[in-house]
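Fold and geometry: a report
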Amino acid sequence: MDFFNDLADFSTAEIRELITLACRLDEKPEPRALDGKVLSLLFLSPSLRTLVSFQSAMVRMGGGTFVVSPDMSIHGLESRSGIVMDGVAAEHIHEAVPVIASYGDAIGIRAFARRENLDDDLADREFRELIALADTPYINMESAINHPCQSLADWKTMDDLGLPANGGKFVQSWTWHPQPMPLAVPAATVQMAAMRGMDVTVLRPEGFELPDTIMDKARQAAAMSGGSVTETDDRADAMKDGQVIYVNSWSSARHYANKRAEDKFKLELRDWCVDEPWFENAASDCRFMHCLPVRRGVTVTDRILDGSRSVVVAEARNRMLVQMAVLHQMLSSS
Ligand code: CP
């Protein structure tokens, strides 16, 4: 495997193979599988889970990592092309990325959406520019429009729970958040659930529709898998018989890059905070999923997060296991 950027690059059989390998590595560890291998980790955006799960994954298979992020005492990084560097930044990514990549056998890169231009973010322009500078296999650790490691972990989490693929009802809901949030996780999640063959309902208030490019791609995946993708602002209708509610916050495409306009637009939407009444006509054991980090009392109530519906910690642990599988396929010589 030369890259891991988008679940859509893989067949369902290949995804299932990765998940089978993740389960095998959990049950029968291979502490020498990546002996001597090094994974470079470039974090241009913050993280908890992605950072430590990749480090742990490599160590568990005998390899190692190093981390570079702007918060460390590195030279200030410039990413704009054609710029005269007479400001604070002393180093350009055009040199920094190939240098960092040259110290490892593969590179993971995280670069959140800049949220300056919707079309640029939908095209994943910055991430594509970054990986074009690296001459090694690469892993998308969350870009403007994708988070494939999270989605692979979420797919495995639903398998672990025995949640049906074909015919399973998956509700992907927007929730209120004080900040304009990226489209990466919602885009990756709707794609994952559609590829898994689930009947996906995107629940969101008017004005928070996911962009057509995201929905069209997911609908194409659903057409191949036998699933479906619909959207609504009717919470009771969306939640009816739901087996999973996957919660996330994302920016309004109508007010993209305009926080003040979005803040005003969502003033009345603070009740989009998941609580037990949401589950009134859902399946009795409907699960609550979230990629984390999550804001308690804002996105979801304590009683849901701390209750039996929540599988957020299992999702996070699965990050490490599926990434072990990806790294094994990418770097192991066996
Ligand atoms: N879910 C996820 O990617 O978590 P971090 O942002 O903490 O890495």
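Structure's up top.
Presented here is a report on the structure given in the accompanying data block. Model, not experiment: these values are computed from the prediction.

**Notes on the pattern of salt bridges**
Pairing between side chains becomes possible if they bear opposite charge and their charged atoms approach one another. In the structure shown here, the tally under the stated rule is 22 salt bridges. A salt bridge links Glu 231 to Arg 204; the nearest nitrogen and oxygen atoms lie 2.9 Å apart. Pair noted here: Glu 231 is in strand S10 (residues 228-232) and Arg 204 is in the loop between strand S9 (199-203) and helix H8 (212-225), with a separation of 27 residues, a long-range link. Among the residues examined, Glu 231 registers a relative accessible area of 30% and is labelled partly exposed. Accessibility expressed as a relative area gives 8% for Arg 204, which makes it buried. When the shortest N-O distance is used, the salt bridge between Arg 303 and Asp 275 registers 2.7 Å. Within this pair, whereas Arg 303 is found in helix H11 (residues 302-305), its partner Asp 275 is found in the loop between helix H10 (259-265) and strand S12 (287-289), the two being separated by 28 residues in sequence. Judged by its relative accessible area of 53%, Arg 303 falls in the exposed class. Judged by relative accessible area, Asp 275 falls into the buried class, the value being 18%.

**Observations concerning the nonpolar core**
In this structure, Phe 4, Ile 245 and Leu 327 are the most contacted members of the largest nonpolar core, which totals 89 residues. Looking at which element gives the most residues to this core, the answer is helix H12 (residues 312-331), with ten residues. Looking at this core, you find at least three residues from each of domain 1 (3-146 + 319-331) and domain 2 (162-310). Setting aside residues no more than four positions away along its own chain, Leu 327 makes contact with Leu 34, Leu 39, Phe 54, Ala 57, Met 58, Met 61, Ile 139 and Ser 332. Formed by 15 residues, the second largest nonpolar core is a distinct cluster that contains Ile 93, Ile 100, Ile 109 and Leu 130.

**Some remarks on the pairing of strand S2 (residues 38-43)**
Within S2, five of the six residues are buried, which leaves the element mostly enclosed by the surrounding structure. Across five bridges, the pairing between S2 and strand S3 (residues 64-68) is parallel. What sits directly across from Leu 41, in S3, is Val 67. Note: S2 against strand S6 (residues 106-110), five bridges, orientation parallel. Paired with Phe 43 across the bridge in S6 is Arg 110.

**A few points about the packing of aromatic side chains**
Across all of its chains, the model carries nine aromatic pairs by this definition. Considering the side-chain rings of Phe 4 and Phe 10, the 5.5 Å spacing of their centres and the 45° angle between planes classify their relative orientation as tilted. Taking relative accessible area as the criterion, Phe 4 reaches 0% and is therefore assigned buried. Within the aromatic cluster, the residues linked to one another by ring pairs are Trp 174, Phe 208, Phe 265, Trp 272 and Trp 278. If you follow Arg 270 out to its NZ or CZ, it ends over the ring of Trp 176, 4.0 Å from the centre. Directly above the ring of Phe 279 sits Arg 309, whose terminal nitrogen or CZ lies 4.1 Å from the centroid.

**Remarks on the sheet that holds strand S11 (residues 244-248)**
Strands sit in the order S10-S9-S8-S11-S12 across an open sheet of five strands; the sheet is parallel. Here the strands that pair on one side only, and so sit at the sheet edges, are S10 and S12. Averaged over all pairs of adjacent strands, the angle between their axes in this sheet comes to 20°, without regard to strand direction. Note: S11 against S12, three bridges, orientation parallel. What sits directly across from Tyr 246, in S12, is Met 289. Across the sheet, H8 is in contact with S9 and S10; its angle to S10 comes to roughly 140°.

**Things to note about the site of the ligand**
Around the ligand, a shell composed of Ser 47, Leu 48, Arg 49, Thr 50, Arg 110, His 147, Gln 150, Cys 291, Leu 292 and Arg 319 is seen. Within the side chain of Ser 47, a nitrogen or oxygen atom sits 2.7 Å from an oxygen atom of the ligand. Between the ligand and Arg 49 there is a distance of 2.9 Å, counted from an oxygen atom to a side-chain nitrogen or oxygen. Protein chains shield 95% of the accessible area of the ligand, which is 250 Å² for the free molecule. The residue inventory of the shell around the ligand, partitioned by class, reads three nonpolar, four polar and three charged.

Criteria and thresholds
- Residues numbered from 1 in each chain as written.
- Predicted model: local features only at pLDDT ≥ 70, side-chain atom pairs only at ≥ 80, totals over all residues.
- Heavy atoms only, no water.
- Salt bridge = Lys/Arg side-chain N within 4 Å of Asp/Glu carboxyl O.
- Helix = DSSP H or I, 4+ residues; strand = E, 2+ residues; numbered from the N terminus.
- Buried < 20%, exposed > 50% of the residue type's maximum accessible area, 1.4 Å probe, protein only.
- Core = buried A, V, L, I, M, F, W, Y, C linked by side-chain atoms within 4.5 Å.
- Domains from an automatic or database assignment.
- Contact = heavy atoms within 4.5 Å.
- Pairing = 2+ DSSP bridges.
- Phe/Tyr/Trp six-rings, centres within 6.5 Å; stacked < 30°, edge-to-face > 60°.
- Lys NZ or Arg CZ within 6 Å of the ring centre and 35° of its normal.
- Axes fitted to C-alpha atoms, helices over the stretch in contact; angles between N-to-C directions.
- Near = heavy atom within 4 Å.
- Polar contact = N/O pair within 3.5 Å; in protein donor to acceptor, adjacent residues only side chain to side chain.
- Areas by Shrake-Rupley, 256 points an atom, 1.4 Å probe, with all protein chains shown as cover.
- Nonpolar A, V, L, I, M, F, W, Y, C, P; charged D, E, K, R; others polar.

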